[in-house]
Structure formats: structure tokens, C-alpha cells
Amino acid sequence: MKKGCKIAITIVGVALVVVLLRGCVATSYLIPSSGMENSLYQSERILVNKWSYGLRLPFMKLWGYHRWADSPVQKEDILVFNNPANLSEPVIDRREVFISRCIGIPGDTLLIDSLFSVIPSEKNAPDQNKLLGQDSTKNIRSFSRYEHYLLEQAMNGNCWIEPIVKEDSMEILKPLIIPSKGKAVRVYPWNKTLLRNTLVLHEKKQAEIKNDTLYVEGKPVQHCHFTKDYYWVGANNAINLSDSRLFGFVP
């Protein structure tokens, strides 16, 4: 075999190995924004293990989305994934890439505000629900509900410390159930649009909202059933909206 031919075969072989490694084993990504600081910083380059949750087969245009030896995502994992809501590109691996942290796994119930921002549960424990105290100009720090209760007891009910935020002005948090395979999720006014979008995007069902009622396959429903497990992801930096507040559940 001629020397030039051997070199050509070697180059082709190396190219194939590189393509297989990038497609099936690991690849690198550049962090595009400050959304994941202080875990990942803008312009950092990271190496992503494509085997973390099972092997995602390449060339999805030929046979669709499939994984071998798949395993579930764990809460607090940092994930690299393709935009789940990009309807203009049917092939998943050609969609833009996002990086977020998993903050809700199938079956979880998260507390959300009106903007679908998740409120950490430790901030809503009974003894830490409202911060109390006068403003900082009077040099009085904030107190938890439990501390305020102890002060009232010690002062025989004559505690002069007042809440910074009145209870009637506090936003009411709502429970958001993360869909899991085969489980029913109740439809509420605050989650019906999110559920409708999930059914249309990922369950391939006909769903629409008419007169404040969710219709699935032409029938009004009070509960939705799903054939997949879903996740809720969030950026470290709440200002960055490239997370589930933008594109909903990630299947």
C-alpha cells in the first residue's frame, strides 16, 4: 500500500473517531451568559459527558430520539439540553442549546409565584414565613415569626415590633406539580396554559383553552395524564429567563 494511501486512511479514521466521540461520548460547550453564575461563568468552556443519562443516539433525523441504558436526572444536576419548545426545528439535536439546573423532578410539588419563579421550600417553613421588624433607619433587624412570638410572650403581648410587609400584601404562592409518567395532574387556572403547551409540544395531543376550560382531544378535562417524565429547570441567576419560565417542562 502506498504511503499517501495510508495517510489518507489514517486521516479518515481519526475523523471518524472524533465524530463518534463528539456525538456519543463527550463534547465541549461555551457558556454563553451569566445565568449560571456562580457555578459556571460566562465564556467558560465546559466538557459535557453525554453518557450521564444514557446514550442519546446521534443522527436523529433518521430514527428520532432514542436513548440506550437511560437513567433519571437528579435534583440539583446541571444539565445541557436542546430547546424543548423550538417548533421551527423538528430535529431535536439541531435546536439551540441551554444550560440550567434541575430544580424539580417528576412528581415533585414546587411553590411558585405569579411569574413561575420557584420559591425555595426552606424559605416557607412555618417559623420563617414572614420577616418581621421595623425598617433599618431605626436599627431594628428583621425577625422570624417564631422570634416575634417569643418577644410577644416575653413582653406580655405588648410587643411594639410591627411587620415590615403586611400579611394581606404578600403574594399567595401556588403549588406546581411536575408531571410524571402515568400520573394525573389537576388543572388549575395558573397551570392550564403550561399543561396545554406540554400536551401539544411533547405529548402530541390536540389541546386548547376555551372559556377558561382546558380541552384535550375535544373534551373538557380537570386532570391531565402524561406518557413521559418531566423536569423543571432554573438558572442560578433569576434575571436570566432561559429556563422553564420561558419554555416550560423539559421531557
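Attention in this report is confined to the structure presented alongside it. As the structure is a computational prediction, the values presented were derived from the model and not from experiment. (Residues numbered from 1 in each chain as written. Predicted model: local features only at pLDDT ≥ 70, side-chain atom pairs only at ≥ 80, totals over all residues. Heavy atoms only, no water.)

## Observations concerning the overall build of the chain
Step number 1: A tally of helices and strands in the chain yields five helices and 14 strands.
Step number 2: When the 251 residues of the chain are sorted by exposure, 29% land in the buried category.
Step number 3: Counted over contacts in the chain with a minimum sequence separation of 6, partners at least 24 positions apart contribute 54%.
Step number 4: In the structure as shown, the chain presents an accessible area of about 16200 Å², 57% of it carried by carbon and sulfur atoms. (Helix = DSSP H or I, 4+ residues; strand = E, 2+ residues; numbered from the N terminus. Buried < 20%, exposed > 50% of the residue type's maximum accessible area, 1.4 Å probe, protein only. Contact = heavy atoms within 4.5 Å. Areas by Shrake-Rupley, 256 points an atom, 1.4 Å probe, with all protein chains shown as cover.)

## Structural notes on the environment of Ala26
Step number 1: Mapped onto the elements, Ala26 comes out in strand β1 (residues 26–30).
Step number 2: Among the residues examined, Ala26 registers a relative accessible area of 23% and is labelled partly exposed.
Step number 3: In the structure, Ala26 is positioned 24 residues away from Lys50 in sequence and 5.2 Å away in space, judged by C-alpha atoms.

## Here's the deal with the layout of surface pockets
Step number 1: By volume, the largest pocket amounts to about 1700 Å³.
Step number 2: If you go around the largest pocket, you meet 48 residues; those closest to its centre are Arg56, Tyr65, Arg67, Phe81 and Pro251.
Step number 3: Looking at the lining of the largest pocket, the elements with two or more residues in it are α1 (3–25), β2 (45–49) and β5 (78–82).
Step number 4: Here the element with the most residues in the lining of the largest pocket is β5; it accounts for five residues.
Step number 5: Residue composition of the lining of the largest pocket, grouped by class: 30 nonpolar, nine polar and nine charged. (1 Å grid on protein atoms, 1.4 Å probe; cavity = no way out; pocket = protein on both sides within 12 Å on 5 of 7 lines; lining within 4 Å. Points joined across faces, edges and corners; volume = space filled by probe spheres on them. Nonpolar A, V, L, I, M, F, W, Y, C, P; charged D, E, K, R; others polar.)

## Here we look at unusual backbone geometry
Step number 1: Along the chain, Glu37 connects to Asn38 via a cis peptide bond; the corresponding omega equals 10 degrees.
Step number 2: Within the fold, Asn38 resides in the loop between β1 and β2.
Step number 3: In this structure, Ala69 takes a positive phi of about 55 degrees despite not being glycine.
Step number 4: Of note, the phi angle at Asn211 is positive, near 55 degrees, even though the residue is not glycine.
Step number 5: Within the secondary structure, Asn211 sits in the loop between β10 (207–210) and β11 (213–216).
Step number 6: Note on Asn211: relative accessible area 74%, which makes it exposed.

## What about the packing of aromatic side chains?
Step number 1: If you walk through the whole model with that rule in mind, you get eight aromatic pairs.
Step number 2: Aromatic ring contacts, followed pair by pair, group Phe116, Phe226, Tyr230, Trp232 and Phe249 into a single cluster.
Step number 3: The side chain of Lys210 reaches across the aromatic face of Tyr215, ending 4.6 Å from its centre. (Phe/Tyr/Trp six-rings, centres within 6.5 Å; stacked < 30°, edge-to-face > 60°. Lys NZ or Arg CZ within 6 Å of the ring centre and 35° of its normal.)

## Re the pattern of salt bridges
Step number 1: Under the definition given, this model contains five salt bridges.
Step number 2: For the salt bridge of Arg101 with Glu76, the shortest nitrogen-to-oxygen distance reads 3.7 Å. Here Glu76 lies in the loop between β4 (67–68) and β5 and Arg101 lies in strand β6 (residues 97–104), a separation of 25 residues in the sequence.
Step number 3: You can call Glu76 partly exposed: its relative accessible area is 46%.
Step number 4: Linking Glu208 and Lys210 is a salt bridge whose minimum nitrogen-to-oxygen distance equals 3.9 Å.
Step number 5: Under the relative-accessibility criterion, Glu208 is labelled partly exposed at 30%. (Salt bridge = Lys/Arg side-chain N within 4 Å of Asp/Glu carboxyl O.)

## A short note on the nonpolar core
Step number 1: Ranked by internal contacts, the top residues of the largest apolar core, which has 17 residues, are Leu195, Cys224, Phe226, Trp232 and Phe249.
Step number 2: Those elements that place two or more of their residues in this core are β7 (109–112), α4 (192–201) and β11.
Step number 3: Phe226 has contacts with Pro179, Ser180, Lys181, Gly182, Lys183, Val185, Leu195, Thr198, Leu199 and Glu203, leaving out every residue within four places of it along the chain. (Core = buried A, V, L, I, M, F, W, Y, C linked by side-chain atoms within 4.5 Å.)

## Regarding the sheet that holds β5
Step number 1: Taken together, three strands build an open sheet; the order of strands is β5-β6-β14 and the sheet is antiparallel. Edge positions in the open sheet fall to β5 and β14 (232–234), since each of these has one partner strand only. Along the sheet, successive strands turn relative to each other by an average axial angle of 60 degrees, direction set aside. (Pairing = 2+ DSSP bridges. Axes fitted to C-alpha atoms, helices over the stretch in contact; angles between N-to-C directions.)

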